[in-house]
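Each chain, written out:
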Amino acid sequence: MLQDTRRVQTAVLRTKDSRQGIIMPFDRGEALAVRRAHQYQGFWCGTLLGGCGGQLIDRVGRERIPHFAHRPDPRASAIVCRRENLGVDSADHLFIAPVISDIISGSGRDLCEVEFQGAFDRGESCTGLTLRNVRRKSLIAVQLENLDYESWRTLDRRYREPGDSVDWIFGPNVDTSRYLFDVRGYAIRIKCENEGSRRRVQIGVQSREKGPEWTEPSEWKLTDRGLWATRFEKVRKLSPAAADRKRISTPGIPLLCEEIAVTPLATRTRTNSTTGRYGVLADLTLPDGGKITQAYVMLNNSAEELDTKARYQLTPPATAEFSRRSLSGEERWTVYAEGIQALTQTDAPPAHDESPPNDTPRAADWLDRAEKADVSKTLQSILEAAQSARMLGLTKELQKHITKADSILSVRPDEHFTSERRRLAPYKKWLQEKMSPHSEPTPIPSQSSPEIKSTTISTEVASILSEAVDVFAKLGEARMAERKNEVRTLISRAEKLVADLGKTYGQSTLDKYRKWYAEKARLEFEFSHGAQPGSALPGRLKE
C-alpha cells in the first residue's frame, strides 16, 4: 500500500464536488483546531481544485508542516491524482466567489450564477470565475491567469455577447490588467491571505503609476456604473475615460464616415465599463451596397432615443476592427467613433464610384484587409506544421499540409501572399523529389543520426513520429497565439520526443521556441517585478 508523500494544503468539505474550501494552516495549534472542527465533515480532494475526488486525511505532526494527504487505499498499488497545484492559493477561487456574491446581494441585486473556468478534469488550476446577474444583464469576471491581449479581448467579447456589462477583477500576479490602464487609468485587483483555516479576501485598485491600494470587500458596492468603492472615487475621476475620451486610442482601419450608413438595433447605447465607451449593435450599409450585420459600434458619447428604422452617420474620427473566433469561426466587426447622428436625405452616403481621398481606405476594402490578415495567420500555422513534417521526413503529412495551403492560395491573386508562396515552394520541391520513382528512400530518423537509414518504420517509431508532428504543429499555433504557458508545456513534450528520435534531431526548431519562450518570460518578469529591461532573470524563468 503506497503512502501519499505530497503536501496538500487545501481541500473541500463534505463532498468531492463541494464549493466550500478549507486550507491547512502552517501553525500546528491552528491545524489541530481545524481537525477538531471538521473531522466529522470529511476532507476531500475537490474536483473544483483539479483534484481526483478522493478523500483526504489531515497530517499534523511535530516536525513536518501540517498538511492534507490522500487516504491510503489498501486495494490500490498507487495513488492516482493529477492535481497540479497543491499550495495554499489553489482554492482561492472558492473563497473569492462567496465574497463577490455577498457584494452583489448587499448592493440589492439578485442572486447570481457562478461559473468556474479551468481544465479541472486534467488536474489544472482554476483560471478564472464569472458571476452573472441575469435579470440586470451584468457580469463580474475574475481573471486569475495571465492572458495575451487577443485572448483577453476574445474573452471580453464573449462575456458581452448577451448584452451584459462586464466588470473585470484581476488576481495579484495577473499582468493582463495593464490592458485597462490606457483606457481607464486603473484596474481592480483581488488577493487572498491566510487567516486560520480560511483565506482573507481583499480588493484594491491599481494605477499605472501606483501599486494596489487594498481595502475590505465590505466597502465595495455594485452600482449601475459597475463595481466600485467610494474611497477610490478620485482615481475614477482622474482616469482617461472620464477626463478625456478623445485621447483613447481606436484600433483598426480609418474610415470615411460619410460613406457608411448605420442602422441601430437598439434604442439606446449601453455603457461599456471596461473601455468607458458606449456601445450599441448596428447594421452597416457600405458605399458599394454591401452590408455588415450586427457590428458592435463603440462611441465616445452616449446616444439616447435611437430609431431602429432610421439611418445614422458616424461622427469622425472613426475606425473599424475585424475579429474571428478560433473555435466557432464567428466573425465580428467593431466600429469606433466619436458619436452618431441622424442622416438626412442630403447626407446620404455617396455612390460607390465616387473615390475618397487616397490616404483613407474605402469602407469596401475592410473585408479584403481583414481577410488577408486572417488568411495570413492560417497560412503561418500550416507552414509551421509543414516544417515539422519536412523535418521528420513524413511525406504524407507534408502533402496534406501543402494541399491545404494550395486550396487557400489557388483562389487568390498571385500577387497576394507572396512571402507565404515563397516559403511553401521548397516544401513542394522536396516532396516532388521524394515522390519521384527515381528518388532516394524517404528519410526516417534513427537513434544514432538524423540521416535516413531505412524505409521500414517500426510501430513504436511511427507512433513517435506521428506524435512529434502533432506537437510541433501545436507549438506553432501556440506561439502565434502567444499562449506562453502552453508553449512551455509543449516544449517539454517535444524535447522528450526528439530525444527518442535522435539526440540532435529537431534541435534547431526547438531552440527557436525556447528562445521565444525565454523572451516572453523575461518581459513578464520585468513587468511584474518592476525590473530594468535586460536584467537577470530568476532561475525558474530561465528554464
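Residues numbered from 1 in each chain as written. Predicted model: local features only at pLDDT ≥ 70, side-chain atom pairs only at ≥ 80, totals over all residues. Heavy atoms only, no water.

### What to know about the packing of aromatic side chains
The line we're drawing: Here a Phe, Tyr or Trp ring, Trp counted by its six-membered ring, pairs with any other such ring whose centre lies within 6.5 Å, and the pair is stacked when the planes are under 30 degrees apart, edge-to-face when over 60, and tilted otherwise. Exposure categories follow from relative accessible area, calculated using a 1.4 Å probe and restricted to protein chains: below 20% of the type maximum is buried, above 50% is exposed, and the middle band is partly exposed.
Tallied over the entire structure, the rule returns nine aromatic pairs. Considering the side-chain rings of W168 and F170, the 5.9 Å spacing of their centres and the 10 degrees angle between planes classify their relative orientation as stacked. Look at F170 and you get buried, because its relative accessible area is 0%. Taken together, the ring pairs in this structure connect Y149, W152, Y159, W168 and F170 into an aromatic cluster.

### A short note on the nonpolar core
Selection criterion: Among the buried residues, those of types Ala, Val, Leu, Ile, Met, Phe, Trp, Tyr and Cys that are joined through side-chain atoms within 4.5 Å form a nonpolar core. Put simply, DSSP H or I for four residues or longer makes a helix, DSSP E for two residues or longer makes a strand, and each gets a number counted from the N terminus. Any pair of residues with heavy atoms lying within 4.5 Å of one another is described as a contacting pair.
I96, I100, F116, I140, I169, I190 and W220 are the most contacted members of the largest nonpolar core, which totals 36 residues. It is helix α2 (residues 92-106) that provides the largest number of residues to this core, a total of eight residues. Apart from residues no more than four positions distant in its own chain, I169 is found in contact with I100, I140, A141, V142, Q143, I188, R189, I190 and L227. Residues I260, A295, A318 and A320 belong to the second largest nonpolar core, which totals 22 residues.

### Topic: the environment of G171
Looking at the element boundaries, G171 is found in the loop between β9 (165-170) and α4 (178-184). Counting along the chain gives 17 residues from G171 to I188, while the straight-line C-alpha distance between them is 8.9 Å.

### Notes on the pattern of salt bridges
For side chains of opposite charge, pairing can occur when their charged atoms come near one another. Threshold: For salt bridges, the criterion is a side-chain nitrogen of Lys or Arg within 4 Å of an Asp or Glu carboxyl oxygen.
All chains considered together, the criterion is met by 11 salt bridges. Between R153 and E321 there is a salt bridge, with the nearest N and O atoms lying 3.2 Å from each other. Remark: E321 occurs in strand β20 (residues 312-324) and R153 occurs in helix α3 (residues 149-160); sequence separation between them is 168 residues. The residues R153 and E321 share a single accessibility class, namely buried. Of the charged contacts, one joins R231 and E219 as a salt bridge, the two residues approaching to 3.7 Å between their closest N and O atoms. One end of the pair, R231, is in the loop between β14 (226-229) and α5 (233-237); the other, E219, is in the loop between β12 (213-215) and β13 (220-223), with 12 residues separating them in the sequence. According to the relative accessible area criterion, R231 is partly exposed, its value standing at 44%.

### Quick look at the pairing of strand β5 (residues 67-70)
Condition: Two strands are counted as paired when DSSP detects at least two bridges linking them.
The alternating pattern of β5 places H67 and A69 and F68 and H70 on opposite faces, both of which are buried. Looking at chain direction, strand β4 (residues 55-59) and β5 are connected through four bridges and run antiparallel. Residue D58 lies in a different strand from β5, and its bridge partner there is F68.

### Digging into the sheet that holds β5
What counts is decided by this rule: Only C-alpha atoms enter the line fits that serve as axes; for helices the fit covers just the stretch in contact. Angles between N-to-C directions range over 0 to 180 degrees.
Pairing in this open sheet of five strands is antiparallel, and the strands run β2-β1-β3-β4-β5 from one edge to the other. A strand with exactly one partner marks an edge of an open sheet, and here the two such strands are β2 (21-23) and β5. Judged from the two bridges that link them, strand β1 (residues 10-13) and strand β3 (residues 43-44) form a sheet pairing that is antiparallel. Paired with L13 across the strands is F43, a residue of β3. The sheet contacts of helix α1 (residues 28-38) involve β1, β2, β3 and β4, and relative to β2 the element is tilted by about 145 degrees.

### As for α2
Let me state the cut-off plainly: Expected span of a helix, by definition, is 1.5 Å for each gap between consecutive residues, and there is one gap fewer than residues.
For α2, built from 15 residues, the straight-helix expectation of 21 Å at 1.5 Å per residue is met to within 8% by its first-to-last C-alpha distance of 21 Å. Judged by how many residues are buried, α2 sits mostly within the fold: 11 of 15 residues are covered. Restricting attention to buried positions, one finds in α2 the residues D92, H93, L94, F95, I96, A97, V99, I100, S101, I103 and I104. One or two steps after α2, the chain reaches G108, where phi turns positive at roughly 80 degrees.

### With respect to the confidence of the model for the chain
Predicted coordinates in areas of low pLDDT are best not read in detail. This is how it is decided: For every residue, the predictor reports its confidence as pLDDT, a number between 0 and 100.
For the chain, per-residue confidence averages 76 on the pLDDT scale, and residues scoring 70 or more make up 73% of the total. Of all the helices and strands in the chain, helix α13 (residues 539-542) carries the lowest mean pLDDT, 39, while β1 carries the highest, 95. Counting contacts from residues 350-364, a segment whose pLDDT is below 50, to residues more than four positions away or on other chains yields 27 contacts. pLDDT under 50 marks residues 528-543. Its contacts with residues more than four places away, or in other chains, come to 24 contacts.

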